[in-house]
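# Observations on chain architecture
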Amino acid sequence: MKELTKLEILKWLREQRSSRLAELYERADAVRKQSVGDAVHLRGLIEISSHCVRQCMYCGLRQANRALQRYRMTREEILDCARQAERLGYGTVVMQAGEDDLLTAEWIAEIVRWIKRETTLAVTLSLGERRQDELKLWRSAGADRYLLRFETSDANLFRVIHPHRFADGPGRLTLLRQLKALGYEAGGGVMVGIPGQSFDSLAEDILTFRALDLDMIGIGPYIAHADTPLGSGALRPAILPSEQVPSNEEMVYKMIALTRIACPTANIPSTTALATINRVDGRKLGLKAGANVVMPNLSPTKYRRLYEIYPEKACIEESAADCSQCLRGQIHSLGRFAGEGQGGRGEFENLASILPDVSSRFVQLQA
Ligand code: SAH
């Protein structure tokens, strides 16, 4: 039994035959079942601010996008969402935002303290590249997890699509290591099909997930946003057409499956972006290819449309209660069940250690 090599990953990423791919998804699903079980954890997503000081070339929240009306939730609105998360039986709330300087460290810390004191929820933050002292403060306020996708492991492409705010930021890979050192469960991840993204770099992404030993790994399709340089075609990173990764659902399922096999105990969501490119069953197919988490939207309906990282986002009209019901229905239709409790990665590490046959985590795959 051995781990996937880069060559094997690359072969799978280029595999087109549906019978072979069905086999890959089945194996990933078996690793998922053995390593993290049949529970699908629900994380309530609260999009707390759409203000952003960054200029990421693909994201609709980029500061230069004047077409977007901005909002920032009030403290009371956020606390209401957290109360609702508990009522709906979720184990975690995720507070996500653009890089918004007016979300001051102390203001966020106060909200984290409140949620940890008044509820039994795990708190995940996803507030972009923030300073070490801020990350430290939030951790000591009780924040459990931090999500910061590194988007691509191709350093050149990363630079092109993320103009720096400060010349000497630590970089997202370093930040992820620092987050782990601070005691957070750390979540990284990538978009699939970014213009300029090669198959080779996608294979490296998976090796990077493994090398960082990430607790959570979010993978979704890149979706063009017309009000951004990358989405409008104004920016075209150079790449050979045969090397360009397509931004279709199959590529995302392949990435989820290979990531599950490479990182058996990570929490892997079936993302809203996936549900956006296949509204009928994108979310379910992600769950069948290795994912074990979903992130129902908890943001007040009036704000959802405004948190426009990409256009036509799925599930922006439904109430939070409807989202919960719909997702639970999908989970049950797969013969699985909604997870109880916080569903942190530590729980699976314990599970894996008592399972009889851990060696099957390293399924041999002949590409
Ligand atoms: N400011 C935070 C949150 C960003 S939004 C941060 O930087 O981490 C969360 C994720 O949405 C991003 O990490 C990115 O992977 C994804 N995203 C942004 N724009 C997108 C697009 N056009 N298509 C698909 N996913 C996108």
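I will try to describe carefully the structure that is included in this document. (Residues numbered from 1 in each chain as written. Predicted model: local features only at pLDDT ≥ 70, side-chain atom pairs only at ≥ 80, totals over all residues. Heavy atoms only, no water.)

### Remarks on the site of the ligand
This is how the line gets drawn: The nearness test applies per residue and asks whether one of its heavy atoms lies within 4 Å of the molecule or strand. Pairs of N or O atoms within 3.5 Å make up the polar contacts considered here, provided that, within protein, one atom can donate a hydrogen while the other can accept it, and that residues adjacent in sequence are counted only when both atoms are side-chain atoms. To measure how exposed things are, a 1.4 Å probe is used in the Shrake-Rupley method; for residues, cover is taken only from the protein chains shown. Under this grouping Gly is polar, as are all residues other than the nonpolar Ala, Val, Leu, Ile, Met, Phe, Trp, Tyr, Cys and Pro and the charged Asp, Glu, Lys and Arg.
Close contacts around the ligand come from 17 residues, with Ala97, Arg149, Glu151, Arg172 and Ile223 the closest. Arg149 is positioned with one of its side-chain polar atoms (N or O) 2.9 Å from an oxygen atom of the ligand. Protein contact buries 92% of the 550 Å² of open area that the ligand shows by itself. Broken down by class, the residue content of the shell around the ligand amounts to 11 nonpolar, 3 polar and 3 charged.

### Points about the nonpolar core
Under the convention used in this document: We call a set of buried Ala, Val, Leu, Ile, Met, Phe, Trp, Tyr and Cys residues a nonpolar core when their side-chain atoms join them within 4.5 Å. A 1.4 Å probe rolled over the protein chains alone gives each residue an accessible area, and that area as a share of the maximum for its type sets the label: buried under 20%, exposed over 50%, partly exposed in between. Here a helix means four or more residues in a row that DSSP labels H or I, a strand means two or more in a row labelled E, and each is numbered from the N terminus.
Counting residues in each nonpolar core, the largest one holds 101 residues, and the members touching the most others are Ile48, Ile115, Leu125, Trp138 and Phe209. For this core, the element with the highest residue contribution is helix H10 (residues 249–262), accounting for 9 residues.

### Notes on the packing of helix H2 (residues 18–36) against H10
Note the following rule: Helix axes are fitted to C-alpha atoms over the stretch in contact, other axes to C-alpha atoms as well, and angles between N-to-C directions run from 0 to 180 degrees. Note on terminology: angles under 35 degrees are roughly parallel, angles over 145 are roughly antiparallel, angles of 65 to 115 are roughly perpendicular, and the others are oblique. Helix crossings fall into two classes, left-handed where the near helix is turned counterclockwise from the far one by less than a right angle and right-handed where it is turned clockwise. Whether two residues touch is decided by their heavy atoms; if any such pair falls within 4.5 Å, the residues are in contact.
Where H2 contacts H10, the axes come no closer than 8 Å and their chain directions differ by 40 degrees. The pairing of H2 with H10 is recorded here as oblique in orientation. For H2 against H10, the interelement crossing comes out left-handed. Together, Leu21, Leu24, Tyr25, Ala28, Val31, Arg32 and Val36 of H2 and Glu250, Tyr253, Lys254, Ala257, Leu258, Arg260 and Ile261 of H10 make up the contact between the two elements.

### A word on the packing of aromatic side chains
Note the cut-off: When the centres of two rings from Phe, Tyr and Trp lie within 6.5 Å, Trp using its six-membered ring, the rings pair. Their planes under 30 degrees apart give stacked, over 60 give edge-to-face, and anything left gives tilted.
For the structure shown, the criterion picks out 4 aromatic pairs. Ring geometry for Tyr71 against Tyr303: centres 4.4 Å apart, planes inclined by 10 degrees, an arrangement best described as stacked. Taken together, the positions of Tyr71 in the loop between strand S1 (39–49) and helix H3 (75–87) and Tyr303 in helix H13 (residues 301–304) put the pair 232 residues apart, joining distant regions of the chain. Residue Tyr71 is classed as buried on the basis of its relative accessible area of 5%.

### Focus on the side chain of Asp144
Looking at the secondary structure, you find Asp144 in the loop between helix H5 (132–141) and strand S4 (145–147). Polar side-chain contacts of Asp144 include one of 2.8 Å to the side chain of Lys116. If near-sequence neighbours (up to four positions away) are discounted, Asp144 is found in contact with Lys116, Leu121, Ala122, Val123, Arg139, Gly183, Tyr184 and Glu185.

### Brief notes about the state of the cysteines
Spelled out, the test is: Any two cysteine sulfur atoms within 2.5 Å of one another count as a disulfide.
The full count for this structure, using the stated rule, is 0 disulfides. Summary of cysteine pairing: Cys52 is not part of a disulfide, and the nearest cysteine sulfur, belonging to Cys56, is at 6.2 Å. Judged by its relative accessible area of 15%, Cys52 falls in the buried class. Free cysteine Cys323: the closest other cysteine sulfur is in Cys315, separated by 5.1 Å. Residue Cys323 is classed as buried on the basis of its relative accessible area of 6%.

### Quick word on H10
Threshold: Here, expected helix span is obtained from the residue count minus one, scaled by 1.5 Å.
The end-to-end C-alpha distance of H10, which contains 14 residues, comes to 20 Å, matching closely the 20 Å that a straight helix rising 1.5 Å per residue would cover. Restricting attention to buried positions, one finds in H10 the residues Met251, Val252, Tyr253, Lys254, Met255, Ile256, Ala257, Leu258, Thr259, Arg260, Ile261 and Ala262.

### Structural notes on the environment of Lys254
Mapped onto the elements of the fold, Lys254 is located in helix H10. Look at Lys254 and you get buried, because its relative accessible area is 3%. Taking the C-alpha atoms as reference, Lys254 lies 21 Å from Arg336; in sequence the two are 82 residues apart. Beyond its immediate stretch of four places on either side in the chain, Lys254 contacts Trp12, Leu13, Arg14, Glu15, Leu21, Leu24 and Tyr25. Polar side-chain contacts of Lys254 include one of 2.7 Å to the backbone oxygen of Glu15.

### Looking at the environment of Arg145
By secondary structure assignment, the location of Arg145 is in strand S4. By relative accessible area, which is 3% here, Arg145 ends up buried. Remark: the alpha-carbon pair of Arg145 and Met216, spanning 71 residues in sequence, is separated by 9.1 Å. Contact partners of Arg145, with chain neighbours within four places excluded, come to Arg43, Thr92, Ala122, Val123, Thr124, Leu125, Tyr184, Glu185, Met216, Gln342, Gly343 and Gly344. One polar contact links the side chain of Arg145 to the main-chain carbonyl oxygen of Gln342, over a distance of 3.0 Å.

### Quick look at the packing of helix H1 (residues 6–14) against helix H8 (residues 199–212)
H8 packs onto H1 with a crossing angle of 125 degrees between their chain directions and a minimal axis gap of 9 Å. Viewed along their axes, H1 and H8 adopt a mutual orientation that is oblique. Crossing handedness for the pair H1 and H8: right-handed. On the side of H1, the interface is formed by Lys6, Ile9, Leu10, Leu13 and Arg14, while H8 contributes Phe199, Asp200, Leu202, Ala203, Glu204, Ile206 and Leu207. In terms of residue class, the contact of H1 with H8 is made up of 8 nonpolar, no polar and 4 charged.

That is the geometry; function is a separate question.
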